[in-house]
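# Survey of secondary and tertiary structure
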Amino acid sequence: MDFNEVINSRRTARVFTDENVTNEQIEKILQSACIAPSAKNRQPWKFYVLNDEQKNHIMNMLFEWDKLNPKERTSVKGTAEQIKTANKMIMIYSDSYKSKAKNENYKKPDYISLGCAIENMSLQAVNLGLGSCILCDTLYIEDEIDNYLGINDYEQICGFIVGYPIYNYSTKIKKDFADLLLN
Ligand SMILES: Cc1cc2nc3c(=O)[nH]c(=O)nc-3n(C[C@H](O)[C@H](O)[C@H](O)COP(=O)(O)O)c2cc1C
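Here we come to helix H4 (residues 76–85). Turning to H4, its buried residues number three or more, namely Val76, Thr79, Ala80, Gln82 and Ile83. What you see down the axis of H4 is that its buried residues fit within an arc of 160°, all on one side. In this fold, the buried residues of H4 make contact with helix H3 (52–68), strand E2 (88–94), strand E3 (131–135) and strand E4 (155–163).

Under the defined criterion, the tally for this structure stands at 2 salt bridges. Arg42 is the salt-bridge partner of Asp110, the closest N and O atoms lying 3.1 Å from each other. Taken together, the residues span a long stretch of sequence, with Asp110 in helix H6 (residues 107–127) and Arg42 in the loop between helix H2 (23–34) and strand E1 (45–49) at a distance of 68 residues. One salt bridge in this structure joins Lys84 and Glu81, with 3.5 Å as the shortest N-O distance. Of this pair, Lys84 and Glu81 both sit in helix H4, 3 residues apart, which is roughly one turn of the helix. Taking relative accessible area as the criterion, Lys84 reaches 46% and is therefore assigned partly exposed.

The next thing to look at is the nonpolar core. Ranked by internal contacts, the top residues of the largest apolar core, which has 23 residues, are Ile58, Met89, Ile145, Leu149 and Ile161. The biggest single contributor to this core is H3, with 6 residues. In terms of nonpolar packing, the next biggest core, distinct from the first, is built from 20 residues, Ile26, Ile118, Val162 and Tyr164 among them.

This next bit is on the site of the ligand. In the vicinity of the ligand, 13 residues are found, and the nearest of them are Arg11, Thr12, Arg14, Lys172 and Lys174. At 2.6 Å from an oxygen atom of the ligand is found a side-chain nitrogen or oxygen belonging to Lys172. Lys174 places a polar side-chain atom, nitrogen or oxygen, 2.6 Å from an oxygen atom of the ligand. For the ligand, whose accessible area on its own is 610 Å², the fraction buried by protein is 68%. Considering each element in turn, the shell around the ligand owes the most residues, 3 residues, to E3. Looking at the shell around the ligand, its residues break down into 4 nonpolar, 3 polar and 6 charged.

Another point: the state of the cysteines. Per the stated rule, a full pass over the model turns up 0 disulfides. This cysteine, Cys116, is not joined by any disulfide, and Cys158 carries the nearest cysteine sulfur, 13 Å off. With no disulfide partner, Cys158 has as its closest neighbouring cysteine sulfur the one in Cys136, 5.1 Å distant. Residue class for Cys158 comes out buried when judged on its relative accessible area of 1%.

Where H2 contacts H6, the two axes come as close as 7 Å, and the packing angle between them is 145°. Handedness of the crossing formed by H2 with H6: right-handed. Contacts between H2 and H6 pair Lys28, Ile29, Leu30, Ser32 and Ala33 from the former with Ala117, Asn120, Met121, Gln124 and Ala125 from the latter. Of the residues contributing to the contact of H2 with H6, the split by class is 6 nonpolar, 3 polar and 1 charged.

Quick look at a nonpolar patch on the surface now. Taken together, the side chains of Phe177, Leu180 and Leu181 define a hydrophobic patch exposed on the protein surface, amounting to about 340 Å² of accessible area. Here Phe177 is to be found in helix H8 (residues 177–180).

Reading guide: rules and limits
Residues numbered from 1 in each chain as written. Predicted model: local features only at pLDDT ≥ 70, side-chain atom pairs only at ≥ 80, totals over all residues. Heavy atoms only, no water. Buried < 20%, exposed > 50% of the residue type's maximum accessible area, 1.4 Å probe, protein only. Helix = DSSP H or I, 4+ residues; strand = E, 2+ residues; numbered from the N terminus. Arc of directions from axis to C-beta. Contact = heavy atoms within 4.5 Å. Salt bridge = Lys/Arg side-chain N within 4 Å of Asp/Glu carboxyl O. Core = buried A, V, L, I, M, F, W, Y, C linked by side-chain atoms within 4.5 Å. Near = heavy atom within 4 Å. Polar contact = N/O pair within 3.5 Å; in protein donor to acceptor, adjacent residues only side chain to side chain. Areas by Shrake-Rupley, 256 points an atom, 1.4 Å probe, with all protein chains shown as cover. Nonpolar A, V, L, I, M, F, W, Y, C, P; charged D, E, K, R; others polar. Disulfide = S-S within 2.5 Å. Axes fitted to C-alpha atoms, helices over the stretch in contact; angles between N-to-C directions. Left-handed = near helix turned anticlockwise from the far one by under 90°. Patch = residues over 30% accessible without salt bridge, like charges linked within 9 Å, V, L, I, M, F, W, Y side chains within 5 Å.

Right, dumping it as structure tokens:
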């Protein structure tokens, strides 16, 4: 796929077909993450590829959280619905969790590095004919997820779902370019 076509057609996908995403496709997506730029080349990313049972368990935990917190008015229920049809889900972690405590200056650069890696994942998904969605709503139940997966030493950044989108999502309205320039 042409580079501009990949970048211009990337849209968050929210409903997916039941077509299988292969391990090779997941590997390509993760390899694209790993070649992203990172501050001081620290490459702070870690990935946990969930199996179906784990994906469904996390989805149910999000539905449960939403039921128990009806007044919060979040997008957690919608996010859980999206996980339901997604073929694969990956949890993304940062390994700068410990060094961060030593040096606060690492914090922002490492988050930016992770953002670069996650965008590479989103673009590679498009290149492979797939759709994806970045999920920060998992952070509402960050500790529950990490306890369930047995993750102690890494900081949860977000979830990432991927699958074959059920329709072609049209381009979202984006801010006017002229309004973004500060000078
Ligand atoms: C850091 C980040 C966190 C996000 N978290 C969620 C989420 O928890 N649930 C969700 O449905 N979408 C989530 N999204 C997707 C955004 O809603 C989506 O990117 C935005 O509406 C713009 O649409 P587009 O990606 O199609 O351009 C997230 C996106 C980013 C970049």
